[in-house]
Amino acid sequence: MEGNTQLIFFCNGKKIVDDNVDPEMTLLTYLRIRLRLTGSKLGCGEGGCGACTVMVSSYNPITKQIRHMSVNACLAPICSVHMMAVTTVEGIGNTKDGLHPVQERIAKAHGSQCGFCTPGIVMSMYTLLRNNHQPTMTDIEDTFQGNLCRCTGYRPILEGYRTFTKDTPTAGCGMNGTAGGCCQNGSSQPRSMNGTTGGCCQNGSSQPRGCCKDLKIEQNDDDHKIKGISSTLFKPGTFKPYDPTMEIIFPPELILTLEKVEPTFLKFTNERQTWLRPVSLKQLLESKSQYPDSKLIVGNTEVGIEMKFKRMEYPVIISCSDVPELNTLLADNNGIVIGSSVTLSTLAHFLKQQLKKLPEYKCRTFAAIIEMLHWFAGNQIRNVAAIGGNIITGSPISDLNPILMAAKSTLTVISTEGNSRQLCMDKNFFTGYRKNAILPNEVLVSIHVPFTEETEYFMAYKQAHRRDDDIAIVNAAFRVKMASSVVEDCSMAFGGMAPTTKLALQAMKFIRKRNWDNLLLEDVSSQLADEMYLPPGVPGGMAEYRQSLVLSFFFKFHQYVSQHIIPTNNHIIPPVLSETSATSSISRPEAKSTQMFQETHDDQATFENVGHPIVHKSAYKQVTGEAIYIDDMLPFKNELHMALVYSTKAHAKIISVDPSEALLMDGVCTYIDHRDVPGSNITGPVLQDEEVFVTELVTCVGQIIGAIVADTQYIAQRAAKKVHIEYKELVPIITIEDAIDKQSFLAEPKSITNGSITKGFDQSDHVFEGEMRMGEQEHFYLETNACVVVPGEDQGIEIFSSTQNPSLTQWLAANVLGLQNHVVSCRVKRIGGGFGGKETRSLLLSSAVAVAANKVGQPVRCVLDRDEDMASMGTRHAFLGRYKVGFTNDGKIQALDIDMYSNCGNSMDLSFSVMERALFHMDNTYKIPNIKGTGYLCKTNIPSNTAFRGFGGPQGMMIAENWISDIARLCSISQRKVREINMYNEEDITFFNQKLVDFNLKRCWNECLENSDYENRRKEIEHYNKTNRWKKRGIFAIPTKFGIAFTATFMNQSGALVLVYKDGSVLLTHGGVEMGQGLHTKMIQVASQTLGIPTQKIYINETSTATVPNTSPSAASATSDLNGMAIKNACKTILDRLKPYVTEKPKASWEDWIKAAYFDRVSLSATGFYMTPDIGYDWDTNTGTPFNYFTFGAAVSEVEIDCLTGDHVVLRTDIVMDVGDSINPAIDIGQIEGGFIQGYGLFTLEEHRWSPSGQLLTKGPGFYKIPGFTDIPVEFNVSLLAGVPNKRAVCSSKAIGEPPLFLASSVFYAIKEAVCSARQHAGIEGVFRMDSPATAERIRMACADRITEKFPSAEPGTFKPFFVRA
Ligand SMILES: Cc1cc2nc3c(=O)[nH]c(=O)nc-3n(C[C@H](O)[C@H](O)[C@H](O)COP(=O)(O)OP(=O)(O)OC[C@H]3O[C@@H](n4cnc5c(N)ncnc54)[C@H](O)[C@@H]3O)c2cc1C
Ligand code: FES
Ligand code: FES
């Protein structure tokens, strides 16, 4: 069939006509490469992060309606936007003509740190506003279900956008997150808190958003004089008003054309793929008949993934989106008919309308679908994905199929010959894994879902790793039709329990004619346990948990039905009150927060410099998409692309490598491997124990064996997959336990001792031995590792890299090319998050690209896909702690003997230093008179693990908090008390013999307990737990002390270069990398303060080894401390030189002094250098001072858990943190909140799973879950300790990047408290082991009860596990 071959769409108001469109291209690639609109980012390529979000608008000529939808451009085929309007972040505002309010508010509310996620978040919010000018906070939270941010902790984004809601507080301070209201009294009353027309209950002010806490108050706190406490990080009053009438309109030309011209059949072709778009069922059937092997698509959310990640090839694609017969939506006498191409958003909207129109009882299935759709992916996916796509994909964990099956839905299909037939979605429909009874020549037309009857009850359940935007572990749908108290008919369908969605046929039969009572519950549970049996080692793993969920869901349904039929049936005994908590779902009220900080002293307020919460200097560029990351750089002339050839075996000898098939492909330039390395192929950041390109032996999956260089990234990646490698496999070691068994270590154990543990144990009343495991953590920076290398003169090269470590990038690239350092330079403008993951592992990539650029003599770019990055770049080290602790009856610690094992992976990287820091933090905040800690570095066959925020500290402290919690339980004293009696005091000496001075921990601790009303809430929780059997709450307080300095002493140095130009403007360069942490902003504030000029006169362009040499990586939280001092020193040099001019004309301006100095031929550039004084530690003698100082903090968190599913919600977190005199409170609070939420992911959510043969199973956001918007504490209060200047760092500040992360363990231990209460309810007392993270699986299985006892764990070694934890 012939068709129109011209693609037409509008992008940001501009018409795009493409006569030769490549049908394989996604919208994102088209935008970024063809249109050079690089604002939309590639974060994952699989619809899981939202960084690529754009708005796609369409016009319906029949209804005359315009529909705006957020879409993942990374999955949307370019062909799918024909005759539509695409709006990208560039289209709504820019720094030249003005920001859009959506851009301005996220920037000014400090909601953009590294900025890589920001354009996607901006576009999600923008689309929401285009559809709903005054959304509620719930609308906003829902709109962000498909967006991730790794930096901010989400709170500032939500607060910035709260200003768009109709209930934005215009009175009171509004700080409690409700409409008006007050931070102090927790009231949710809107407005008029002081009885007047606005203002605050505390101060009688009637100023809108005025807050008593903003008053410049003098507080006296013992010795501390504290000036003004503020709670205002941004001023909504300064925001540009939002005027929906000013938005860009839908292109009138498109409206005219769509109204005049009937849609036509489209056909787009390249040499590999043809893309067809029929516009009638007839055309669809003809196309299918012509191309029997064609692939139908609607949203492409399944097929797109298959093509990109599973490398499936579909030569003919037929889009069914515009076939009217497949877009039907109507109600008939028996139910509703849903066209197979109806998208999930449209379906939800339609069902909500039915709920309003029809009697409640008819819509019970629809209510279940609406609820399920809320948990189904994010908006961007739901806007394009169709119901038909979900059914046909036939995923065993499809969220809709269990509901459709339990509802007894029927499907109408039609064959290419035009024969129509109906199929019941019953036991015969799914015929195998992703297979169904629809014939290859048939097309799904529609789905019929019947109404429920008055005595029919329907519920669906889903449990996933994360609440929002996650696929199910197990889901279920239950329908029961009652005749009085007797079951007349019943369906039970389960997902995640078999290769297909599965009906529990035996249980369904068994339940009929039975009385709905507790006996039925017991009998059906036993029946389900048999019918849904999973063997240990079942695909997907978690056999016991999944089986428990089946019974837990049925228990919930049983309770639900009982509660509903009791009023009409007096034969049934009502459930005990506390049991009713089984049916309520964990709800998340609207989020609220406060942020408190000390206002800057008046004498510092000349400019918005040190102490002010000024906005991140790149924020405006980030929110408009103008900020340039590596892959946004314009291509260099003759630039080529590189794709890596990775090892696919964990431990194997390479027998042969054959790139010949790849080299035959059009556009492939060359293959690179170790033979192309002109210098040394041996590399490594500390020890030289790695190869850039593997020569003979691979020691993990994801090691670089070679690389393909080609004209485009797409060709290079396809070709790289065609390089054939033959291996001889060897036995791999994956887990810590494996390594211990096989004594596989990278080095001798590292040990530290103080006192005598023998004596300590002798003096103890009790000695207890325990064990804890803490999982690894993926960095999940939103920008993957990327690098461009440009060859230059004298064999030199220029490297543009997304690295935290420019100097080491330079040194190692020089080493690999056999060059001197001075002809190699590394430049970094900004990076899209690092968190330690780009401190050393990025160097392998940049060295490999350097070899390629050297070989081809042309610029070479390599940007890793998310799955490649995750499979090759290493993670935070998993730890195992085995401890023996001695203590007195009253809980005082006498001795600790601890062995810590870290999973280092296949090379040393930074593992040695990570273990050192873990050992330094094994006391957390407790004085242990006799201590011995030993660290073992396990060598395994997984990618080398590396630095990650906290650098071993969190692992050491986590194990400390575990044994001290055990002590509290064993001594029956409170968790608070055991911590307080063992906590260090001022001037105490740590076990590494460092004296604790300015020990502000106790102030943090006490303020935090007080602010959080800890004791009262603990009592309330006790009461709550007594009256609720299946929901439990827990509250927990955690202190932290984090040592600041690189433990390798030589790294505590830094340099800066200050250039002052003739006009008085200043260009600043220093050794630190801006990765979102606001470093450059703080450094500009330091320079502004020192030079006495406004921050606007100071600019930082990039970090470059060509301007500041021999820098340390941006790591160890110390970057501001080190570089800030170097900058200060350089600025002082400039000031010294200016002194004569200032003395001569003290009233003149900065510009005048500079001009005078220039004409007097005074140098206006200066370098600055700094080395941290008085630090250095000797491990052999346990003497010296490892840390410059400590950062302190405390947190209290409260959680609620669902004991039946393992779900949880963080109800409230209060943090008090000592950051010294904050250089920028907005940035510091951003680090605290972002660090806390990252720690929350570490301790509760994030988990890598490995196949026993060493393949990473959790690649990409689809399987690896970082916290999302609705995972943050419902109430999140952060305050910075006031009046605590730190004399050991720049501007009296303290380092803050890493220390807050550990405070998130308060959530873990609060969960453990809640679990403890559940166990007590089941009659189980005493200490129990719970490893980190506290995933839903771990929580559920720890809440042992009559369900879990049916599924005891199989003995390890008796089966082959589906996955292992490293
Ligand atoms: C980030 C992300 C999150 C997700 N979250 C969830 C989730 O929470 N729950 C869940 O269940 N799924 C989830 N999915 C899976 C997927 O989105 C759904 O299965 C979706 O409904 C597929 O619809 P689609 O229109 O995009 O399908 P497509 O990819 O377009 O097509 C899927 C399959 O359906 C076939 N097909 C489509 N229409 C017809 C027709 N009329 N006749 C015959 N065959 C047809 C296609 O040939 C193809 O085999 C997620 C996917 C992504 C990428
Ligand atoms: S890049 Fe599209 S969702 Fe992540
Ligand atoms: S600011 Fe969101 S990922 Fe960095």
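Residue positions are given per chain, counted from 1 along the sequence in the order it is written. Whichever chain is written first becomes A and whichever ligand is written first becomes 1, with later ones labelled in order. At least 70 in pLDDT is required for a residue's local features to be given in this predicted model, at least 80 for side-chain atom pairs to be given and counted, and no such filter applies to totals for whole chains, interfaces and linings, which use all residues. Computation of side-chain values: all heavy atoms of the structure, hydrogens and water removed.

> Run through the packing of aromatic side chains, naming residues and quoting values.
Any pair of Phe, Tyr and Trp rings, taking the six-membered ring for Trp, is counted once the centres come within 6.5 Å. Such a pair is stacked with planes under 30 degrees apart, edge-to-face with planes over 60 apart, and tilted for the rest. For the structure shown, the criterion picks out 42 aromatic pairs. Here phenylalanine 116 and tyrosine 629 contribute two aromatic rings whose centre-to-centre distance is 5.0 Å and whose plane-to-plane angle is 85 degrees, an arrangement assigned as edge-to-face. Placement of phenylalanine 116 in the loop between α2 (101–108) and α3 (118–131) and of tyrosine 629 in the loop between α17 (619–624) and β25 (640–646) is noted, with a sequence separation of 513 residues between them. You'll find phenylalanine 116 and tyrosine 629 in the same group, each marked buried. When the ring of phenylalanine 745 is compared with that of tyrosine 936, the centres are 5.7 Å apart and the planes differ by 45 degrees; the resulting orientation is tilted. In this pair, phenylalanine 745 sits in the loop between α20 (736–741) and β33 (750–754) while tyrosine 936 sits in strand β41 (residues 930–939), placing the two residues 191 residues apart along the sequence. Whether a residue is buried, partly exposed or exposed follows from its accessible area with a 1.4 Å probe, protein chains only, as a fraction of its type maximum: under 20%, in between, or over 50%, in that order. On the basis of relative accessibility, which here comes to 23%, the residue phenylalanine 745 falls in the partly exposed class. You can call tyrosine 936 buried: its relative accessible area is 19%. Site record: aromatic cluster; members linked through ring pairs are Phe920, Tyr984, Phe991, Phe992, Phe999, Tyr1177, Trp1179, Phe1187, Phe1190 and Phe1192. By definition, being over a ring means that NZ of Lys or CZ of Arg is both within 6 Å of the ring centre and within 35 degrees of the ring normal. Taking NZ or CZ as reference, lysine 1312 lies 5.1 Å from the ring centre of phenylalanine 1328, over its face. Starting at the N terminus, helices and strands are each numbered in turn, a helix being any DSSP run of H or I of at least four residues and a strand any DSSP run of E of at least two.

> Tell me about the sheet that holds strand β9 (residues 266–269), and name the residues and values.
Judged by pairing direction, the sheet is mixed, and its four strands sit side by side in the order β9-β10-β12-β11 without closing on themselves. Single-partner strands in this sheet number two, and they are β9 and β11 (295–297). Going across the sheet, the axis of each strand differs from the next one's by a mean of 20 degrees, ignoring polarity. When DSSP finds at least two bridges between two strands, those strands are taken to pair. Bridge count for β9 against strand β10 (residues 274–277) is four bridges, and the pairing is antiparallel. Following the sheet pairing, phenylalanine 268 is matched in β10 by tryptophan 275. Running at roughly 170 degrees to strand β12 (residues 316–319), helix α7 (residues 281–290) makes contact with β10, β11 and β12 of the sheet. To get an axis, fit a line to the C-alpha atoms, keeping to the stretch in contact for a helix; angles then go from 0 to 180 degrees between the N-to-C directions. In what follows, residue pairs with any heavy atoms lying within 4.5 Å of each other are defined as contacts.

> Give me the lowdown on the pattern of salt bridges, citing residues and values where you can.
By convention in these notes, a salt bridge is any Lys or Arg side-chain nitrogen within 4 Å of a carboxyl oxygen on Asp or Glu. This model, assessed by the stated rule, comprises 69 salt bridges. Of the charged contacts in the structure, one is a salt bridge between arginine 841 and glutamate 690, with a shortest N-O distance of 2.8 Å. Here arginine 841, found in the loop between β37 (824–828) and α23 (842–856), pairs with glutamate 690, found in strand β29 (residues 690–691); they are 151 residues apart in sequence, far enough to count as distant. Side by side, arginine 841 and glutamate 690 carry an identical accessibility label, which is buried.

> Give me the sheet that holds strand β2 (residues 14–18): which residues, what numbers.
Strands sit in the order β2-β1-β5-β3-β4 across an open sheet of five strands; the sheet is mixed. At either end of the open sheet lies a strand with only one pairing partner, and these are β2 and β4 (65–72). Each adjacent strand pair in this sheet contributes to an overall mean axis angle of 30 degrees, direction not counted. Sheet strands touched by α3: β3 (53–60), β4 and β5 (85–87). Its angle to β3, the strand with the most contacts, is close to 30 degrees. Set on the sheet, helix α6 (residues 252–260) makes contact with β1 (7–11), β2, β3 and β5; between it and β3 the angle comes to about 40 degrees.

> Give me the lowdown on the confidence of the model for the protein chain, citing residues and values where you can.
Reading predicted coordinates in detail is not appropriate for stretches of low pLDDT. pLDDT gives the predictor's per-residue confidence on a scale running from 0 to 100. Residues at a pLDDT of 70 or more form 94% of the protein chain, whose mean pLDDT is 93. A low-confidence stretch, residues 170–225 stays under pLDDT 50, and its non-local contacts, those more than four residues away or across chains, total 142 contacts.

> How would you summarise the site of ligand 1 if you had to cite specific residues and measurements?
The immediate surroundings of ligand 1 are formed by 29 residues, with Leu296, Val298, Thr301, Glu302 and Asp399 found nearest. The backbone of leucine 296 places a nitrogen or oxygen atom 2.6 Å from an oxygen atom of ligand 1. Nitrogen and oxygen atoms within 3.5 Å of one another constitute a polar contact, given that in protein one can donate a hydrogen and the other can accept it, and given that sequence-neighbouring residues count only through two side-chain atoms. Contacts to ligand 1 include valine 303, whose backbone N or O atom sits 2.9 Å from an oxygen atom. With residues, only the protein chains shown are counted as cover, and all accessible areas are computed by Shrake-Rupley using a 1.4 Å probe. About the coverage of ligand 1: the protein hides 93% of its 990 Å² of free accessible area. Looking at the shell around ligand 1, the elements with two or more residues in it are β11, α12 (387–393) and β19 (442–450). Nearness of a residue to a molecule or strand requires only that one of the residue's heavy atoms be within 4 Å of it.

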